[in-house]
Amino acid sequence: MILQTKVKVCTLDELSAVDREVVEAARCATANSYAVYSHFNVGAAVRLVDGTIVCGTNQENAAYPSGLCAERTTLFWANSQYPDKAVDLLAIAARTDSGELERPIPPCGACRQVILETEKRFNRPVRIILYGSRECYVIEDGIKALLPLSFDAAFLE
Ligand code: THU
């Protein structure tokens with residue numbers, strides 16, 4: 001079995017204006033990150049099917065595991081405020097004390113699992129754009145590209 005992942009590599013300028021708006025929202029959101037322990041400020045933004053854009057950031061805690069990544073903060077907030085609106089696109093950006101990351105920031109494993117659940121919930125793939133100041137990765141096919149052989153509700157039946 002060979003599992004393949006299709007990722008488009010491009011610069012921010014090469015994205016469409018609508019996609020760029022969501023990436024810019026994720027970049028701006030990094031300013032609201034609460035990352036007092038790691039100093040790794042992550043911003044995420046989702047565009048819902050009706051065009052609504054929702055942002056979130058990582059929220060850390062002195063008891064480290066109690067914090068949450070930007071992607072999950074954003075998806076949980078979006079899905080709790082707009083439970084009937086599917087997520088069309090998720091963009092992720094990050095910066096440290098030295099500035100924005102040049103390389104695109106990928107979602108952690110737990111966030112990938114939550115993106116999968118979002119796809120299942122709305123029966124629709126979530127496009128994903130990982131922002132880096134040098135280049136962006138665009139994943140058009142949804143989370144299956146980043147989480148092959150995934151566990152989902154079908155195994156619980
Ligand atoms: N983090 C995210 O918010 N998203 C990711 O995809 C990777 C990591 C956060 C968690 C923690 O607050 C900090 O970045 C360092 O791991």
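Per chain, the residues get numbers from 1 upward, laid out in the order the sequence is written. In view of the model being predicted, local features appear only for residues whose pLDDT reaches at least 70, and side-chain atom pairs are presented and counted only at 80 or more, with totals across whole chains, interfaces and linings using the full set of residues. The basis for the side-chain values is all heavy atoms of the structure; hydrogens and waters are excluded.

### Regarding the overall build of the protein
For step 1, the next point in the chain: A run of H or I in DSSP counts as a helix once it spans at least four residues, and a run of E counts as a strand once it spans at least two, with each numbered from the N terminus. Looking only at helices and strands, one finds three helices and seven strands in the protein.
For step 2, the next point in the chain: Starting at the N terminus, the α and β elements of the protein follow one another as β-α-β-β-α-β-β-α-β-β.
For step 3, the next point in the chain: Considering only C-alpha atoms, the protein reaches an extent of 45 × 40 × 35 Å along its principal axes.
For step 4, the next point in the chain: Throughout, exposure labels follow a simple rule: accessible area from a 1.4 Å probe, protein chains only, divided by the maximum for the residue type, with under 20% read as buried, over 50% as exposed, and the rest as partly exposed. Here the protein holds 157 residues, and the buried ones make up 44% of them.
For step 5, the next point in the chain: A contact between two residues is defined here by any heavy atoms of the two lying within 4.5 Å. Excluding contacts between residues fewer than 6 apart, the proportion of contacts in the protein whose partners are at least 24 apart in sequence is 67%.
For step 6, the next point in the chain: Residue-level accessible areas treat just the shown protein chains as cover; the underlying method is Shrake-Rupley with a 1.4 Å probe. Surface accessibility of the protein: about 8500 Å² in total, with carbon and sulfur atoms responsible for 52%.
For step 7, the next point in the chain: For the protein, the separation between the mean place of its 16 positive charges and that of its 20 negative charges on side chains is 2 Å. Positive residues here are Lys and Arg, negative ones are Asp and Glu, while His and the chain termini are left out of the count. For this purpose, a charge sits on NZ of Lys, CZ of Arg, CG of Asp or CD of Glu.

### As for the side chain of Asp19
For step 1, the next point in the chain: Relative to the helices and strands, Asp19 is located in helix 1 (residues 17–29).
For step 2, the next point in the chain: Note on Asp19: relative accessible area 7%, which makes it buried.
For step 3, the next point in the chain: Sequence-distant contacts of Asp19, that is, excluding residues within four places in its chain, are made with Arg47, Leu89, Arg127 and Ile129.

### Considering the nonpolar core
For step 1, the next point in the chain: Nonpolar core, defined: a set of buried Ala, Val, Leu, Ile, Met, Phe, Trp, Tyr and Cys residues in which side-chain atoms within 4.5 Å join the residues together. Judged by nonpolar contacts, the single largest core of 24 residues is most densely connected at Val46, Leu90, Ile115, Ile128 and Ile143.
For step 2, the next point in the chain: Counting residues per element, the ones that place at least two in this core are strand 2 (41–48), helix 2 (70–81), strand 4 (87–96), helix 3 (109–122) and strand 6 (127–130).
For step 3, the next point in the chain: In contact with Ile128, not counting residues within four places along its chain, are Leu89, Leu90, Ile115, Tyr137, Val138, Ile139, Gly142, Ile143 and Leu146.
For step 4, the next point in the chain: Core analysis: the next-biggest nonpolar cluster, separate from the first, contains 15 residues, Cys10, Ala45, Leu89 and Ala91 among them.

### What to know about the environment of Pro125
For step 1, the next point in the chain: When you line up the elements, Pro125 lands in the loop between helix 3 and strand 6.
For step 2, the next point in the chain: Look at Pro125 and you get partly exposed, because its relative accessible area is 44%.
For step 3, the next point in the chain: If we skip the residues at most four places from it in the chain, Pro125 touches Val87, Asp88, Glu119, Asp141 and Gly142.

### Some words on the site of the ligand
For step 1, the next point in the chain: Looking at the ligand, the residues that line it are Ser38, Phe40, Val42, Asn58, Glu60, Cys69, Ala70, Glu71, Pro106, Pro107 and Cys108.
For step 2, the next point in the chain: In protein, a polar contact means a hydrogen-donor-capable atom and an acceptor-capable atom, both N or O and within 3.5 Å, with residues adjacent in sequence counting only if both atoms are side-chain atoms; elsewhere, any N or O pair within 3.5 Å suffices. Take Glu60: an N or O atom from its side chain is 2.5 Å from an oxygen atom of the ligand.
For step 3, the next point in the chain: One of the backbone N or O atoms of Ala70 is found 2.9 Å from an oxygen atom in the ligand.
For step 4, the next point in the chain: Relative to its unbound accessible surface of 370 Å², the ligand loses 75% to contact with the protein. Residues are counted as near a molecule or strand when any one of their heavy atoms sits within 4 Å of it.

### Notes on the packing of aromatic side chains
For step 1, the next point in the chain: Stacked, tilted and edge-to-face are the three classes applied to pairs of Phe, Tyr and Trp rings, where Trp contributes its six-membered ring and a pair requires centres within 6.5 Å; stacked means planes under 30 degrees apart, edge-to-face means over 60, and tilted covers the rest. In this structure the tally under the stated criterion is two aromatic pairs.
For step 2, the next point in the chain: Here Tyr37 and Tyr64 contribute two aromatic rings whose centre-to-centre distance is 5.8 Å and whose plane-to-plane angle is 50°, an arrangement assigned as tilted. Note that Tyr37 is positioned in the loop between helix 1 and strand 2 and Tyr64 in the loop between strand 3 (53–57) and helix 2, a separation of 27 residues in sequence.
For step 3, the next point in the chain: With a relative accessible area of 39%, Tyr37 lands in the partly exposed category.
For step 4, the next point in the chain: Exposure remark for Tyr64: the relative accessible area of 62% places this residue in the exposed category.

### A short note on the pattern of salt bridges
For step 1, the next point in the chain: Salt bridges are defined as contacts in which a side-chain nitrogen from Lys or Arg sits within 4 Å of a carboxyl oxygen from Asp or Glu. Counting across every chain of the model gives ten salt bridges.
For step 2, the next point in the chain: One salt bridge connects Asp88 with Arg47, and the closest N-O pair in it is separated by 2.7 Å. Of this pair, Asp88 sits in strand 4 while Arg47 sits in strand 2, and the two are 41 residues apart along the sequence.
For step 3, the next point in the chain: In this structure Arg47 comes out as buried when scored by relative accessible area, which is 12%.
For step 4, the next point in the chain: Put simply, Glu102 and Arg134 hold a salt bridge, and the shortest N to O gap is 3.4 Å. Pair noted here: Glu102 is in the loop between strand 5 (99–100) and helix 3 and Arg134 is in the loop between strand 6 and strand 7 (136–139), with a separation of 32 residues, a long-range link.
For step 5, the next point in the chain: Because the salt bridges share partners, they merge into one network encompassing Asp19, Arg47, Asp88, Arg124, Arg127 and Glu140.

Don't take any of this as a statement about function, it's just geometry.
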